[in-house]
Amino acid sequence: MRLPERWREIHGRDDWAGLLDPIDPLLRQELIRYGEFSQACYDAFDYDPFSRYCGSCKYNRRRFFAGLGMADCGYDVTRYLYATSNINLPNFFATSSSSSSSSSSSSRNGSSKLWSQRANWIGYVAVSDDDCSARIGRRDVVVAWRGTVTRLEWVADLMDFLKPVATEKIPCPDPSVKVESGFIDLYTDKDPTCRFCKYSAREQVLSELRKLVHHYAHVRGEEVSVTVTGHSLGSALAMLSAYDLAETGVVEGKAVCVLSFSGPRVGNRRFRQRFEEGLGVKALRVVNVHDTVPKVPGIFLNEGLRGLPDAVRRLADALPWSYSHVGVELALDHTHSPFLKPTADPSCFHNLEAHLHLLDGYHGKGQRFVLASGRDPALVNKACDFLKEHHMVPPYWRQDENKGMVRAHDGRWIQPERQKIDDHPADTHQHLRLLGLRRHHDDNADDAADK
């Protein structure tokens, strides 16, 4: 059967029963496809501290996929997502060194103005075009969240505490549903003085999904699915935003699925129960068994307590450090790939391209590793050093030509100016008001700030 007849099954209608071992070829194909949407967040992110645009996306949203060589993916980006850099998560927020050397920047480039000193680009919303929708059997809305782009020091900060989601005005009827405080702060924080962060990431996602679902499902009468994806810290944002979309009722009656990669635990056991049982959100987590990130937070107090007596489990649940994974896990093992070399580098175990490589070669537990689609193993070394040397692929090979420098008319090498950086659609506040998340005087304040 083709994808149009099977997409509900592939999106977790039956919790992927019978599809993981051996892995269903169509499921593998779809996991890699959505994983590439997550990888696009890394490939498009400007984390060069010598760039005035550090922390932004390298491409205008209208040419986002074309700029990444993905013009035939069949999706159009409808909105970029931003977060305020007020949150203490190391290596998530990239900042430009131009902020401390404006005079030299001005002399060489004619401008010292940074694109933003408070915001970072953290992902995008995209929707399948007409041709793609016909191929996949429905109108698909993708929310892709960016993870960290460098080292893994942020993992150490996950020994914080759990916070009730209701304290952040997510309309959960159960005050015992809690999530890690850093994740929800990143998701809900905003900065009214910043044009990119005057709406929180939460408000950006909810308003865009409300608009798209209303247009395609209610106005045009199409079948709509919502697929949320992310890697690393982006996986945590994917879980949290999918939960919020269902809890808030933005996607009521629509299929919501999370396909995440190498993500940490997000909330407590009550969060898992509300996510899976109360709201029926489906989540499939792809992990490398040697990766540290999926083991935190909650190294000692986690879903492994399910077999303990109820009294002990209730005691553990009351602690502010008791976490539980949600959804179904697909565990991969990088030592099974003949392409990868032995290494002690944890960033290799965590690398998203390595996960997609492992997916392509995985056929089931105990089965030989054989690439199914012929996906190029060289992609593994795009941002790490994981391939065996005899493949002759240099490590960390992906970079912009001449590191983004171009030659000006006078012969000098400069950073080119970029097109206007997308911020927020003008109708954002209208959709937030329809969701009950904005009052009229808030709208007036937004309008005044835009002028």
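Quantities reported herein were computed from a predicted structural model and do not represent experimental measurements. (Residues numbered from 1 in each chain as written. Predicted model: local features only at pLDDT ≥ 70, side-chain atom pairs only at ≥ 80, totals over all residues. Heavy atoms only, no water.)

## Topic: the overall build of the protein
As a reminder, the rule being used: Secondary structure counts use DSSP, requiring at least four H or I residues in a row for a helix and at least two E residues in a row for a strand, with both numbered from the N terminus. Note on exposure labels: buried denotes an accessible area under 20% of the residue type's maximum, exposed denotes more than 50%, and partly exposed covers the range between, all computed with a 1.4 Å probe on protein chains only. Contacts: residue pairs with any heavy atoms within 4.5 Å of one another. Residue-level accessible areas treat just the shown protein chains as cover; the underlying method is Shrake-Rupley with a 1.4 Å probe. His is not counted here, nor are the chain ends, while Lys and Arg score as positive and Asp and Glu score as negative. For the purpose of locating charges, the reference atoms are NZ of Lys, CZ of Arg, CG of Asp and CD of Glu.
The helix and strand tally for the protein stands at 14 helices and eleven strands. Along the three orthogonal principal directions, the C-alpha set of the protein runs to about 70 × 65 × 45 Å. Considering the protein as a whole, with its 451 residues, one finds that 54% of them fall into the buried category. Considering only intrachain contacts with a sequence separation of at least 6, the fraction spanning at least 24 residues in the protein is 73%. For the protein, the computed accessible surface area is about 19,700 Å², with 51% contributed by carbon and sulfur atoms. On the protein, the mean spot of the 58 positive side-chain charges and the mean spot of the 59 negative ones are 2 Å from each other.

## Focus: the environment of Thr-343
Our working definition: Under this definition, polar contacts are N or O atom pairs within 3.5 Å; protein pairs additionally need one hydrogen-donor-capable and one acceptor-capable atom, and for neighbouring residues in sequence, both atoms have to be side-chain atoms.
By the element assignment, Thr-343 lies in the loop between strand 9 (328-332) and helix 11 (346-350). The partly exposed category is assigned to Thr-343, whose relative accessible area is 27%. Sequence separation between Thr-343 and Asp-291 is 52 residues, and the spatial gap between their C-alpha atoms is 12 Å. A polar contact is formed between the side chain of Thr-343 and the backbone nitrogen of Asp-345, at a distance of 3.1 Å.

## Some details on the nonpolar core
Nonpolar side chains in soluble globular proteins generally cluster together in the buried interior. Note the cut-off: As used in this record, nonpolar core signifies buried Ala, Val, Leu, Ile, Met, Phe, Trp, Tyr and Cys residues forming a set joined through side-chain atoms within 4.5 Å.
Within the largest apolar cluster, 67 residues are counted, with the highest numbers of intra-cluster contacts made by Phe-64, Phe-65, Tyr-75, Trp-121, Tyr-124, Leu-330 and Leu-359. With ten residues, helix 2 (residues 25-44) is the single largest residue contributor to this core. Discounting chain neighbours no more than four positions away, the residues touching Trp-121 are Cys-41, Ala-44, Phe-45, Gly-55, Ser-56, Cys-57, Phe-64, Tyr-80, Leu-81, Tyr-82, Trp-115 and Arg-146. Among the nonpolar cores identified, the runner-up in size contains 56 residues, and Val-141, Val-155, Leu-206 and Val-213 belong to it.

## Description of the sheet that holds strand 9
This is how the line gets drawn: Two strands are said to pair when DSSP picks up at least two bridges between them. Note on method: axes are straight lines fitted to C-alpha atoms, helices fitted across the in-contact stretch only, with angles between N-to-C directions ranging 0 to 180 degrees.
Strands sit in the order 1-2-3-6-7-8-9 across an open sheet of seven strands; the sheet is mixed. This sheet does not close on itself; its edge strands, each paired only once, are strand 1 (75-84) and strand 9. With strand direction ignored, the average angle separating the axes of adjacent strands in the sheet is 15 degrees. Alignment of strand 7 (residues 255-261) against strand 8 (residues 282-288), held across five bridges, turns out to be parallel.

## A look at the packing of helix 7 (residues 201-219) against helix 8 (residues 233-248)
Applied cut-off: Any angle from 65 to 115 degrees is called roughly perpendicular, while one under 35 is roughly parallel, one over 145 is roughly antiparallel, and all others are oblique. In this scheme, a crossing is called left-handed if the near helix is turned counterclockwise away from the far one by less than a right angle; it is called right-handed if the turn is clockwise. Note on residue categories: nonpolar means Ala, Val, Leu, Ile, Met, Phe, Trp, Tyr, Cys or Pro, charged means Asp, Glu, Lys or Arg, and polar means any other residue, Gly included.
Two elements in contact, helix 7 and helix 8, have axes separated by 11 Å at closest approach and are oriented at 55 degrees. The orientation of helix 7 with respect to helix 8, classified from their angle, is oblique. Of the two elements, helix 7 crosses helix 8, and the hand of that crossing is right-handed. Seen from helix 7, the contacting residues are Arg-202, Val-205, Leu-206 and Leu-209; seen from helix 8, they are Asp-244, Leu-245 and Thr-248. For the contact of helix 7 with helix 8, the class distribution of residues is four nonpolar, one polar and two charged.

## Looking at a nonpolar patch on the surface
To keep it simple, the criterion reads: Residues forming no salt bridge and having over 30% relative accessible area are the ones grouped into patches, like charges within 9 Å of each other and nonpolar side chains (Val, Leu, Ile, Met, Phe, Trp, Tyr) within 5 Å. A side-chain nitrogen of Lys or Arg and a carboxyl oxygen of Asp or Glu constitute a salt bridge if their distance falls within 4 Å.
Residues Phe-161, Leu-319 and Trp-321 make up a contiguous nonpolar surface patch of roughly 290 Å² in combined accessible area. By secondary structure assignment, the location of Phe-161 is in the loop between strand 3 (139-145) and strand 4 (162-164).

## Quick word on the state of the cysteines
Let me state the cut-off plainly: Throughout, a disulfide means two cysteine sulfur atoms within 2.5 Å of one another.
Following the criterion strictly, the structure yields zero disulfides and no others. Here Cys-57 stays free of any disulfide, with the sulfur of Cys-41 as its closest cysteine sulfur at 8.5 Å. Cys-57 gets classed as buried once you look at its relative accessible area, which sits at 7%. We note that Cys-384 lacks a disulfide partner, and the nearest cysteine sulfur, in Cys-348, lies 4.4 Å from it.

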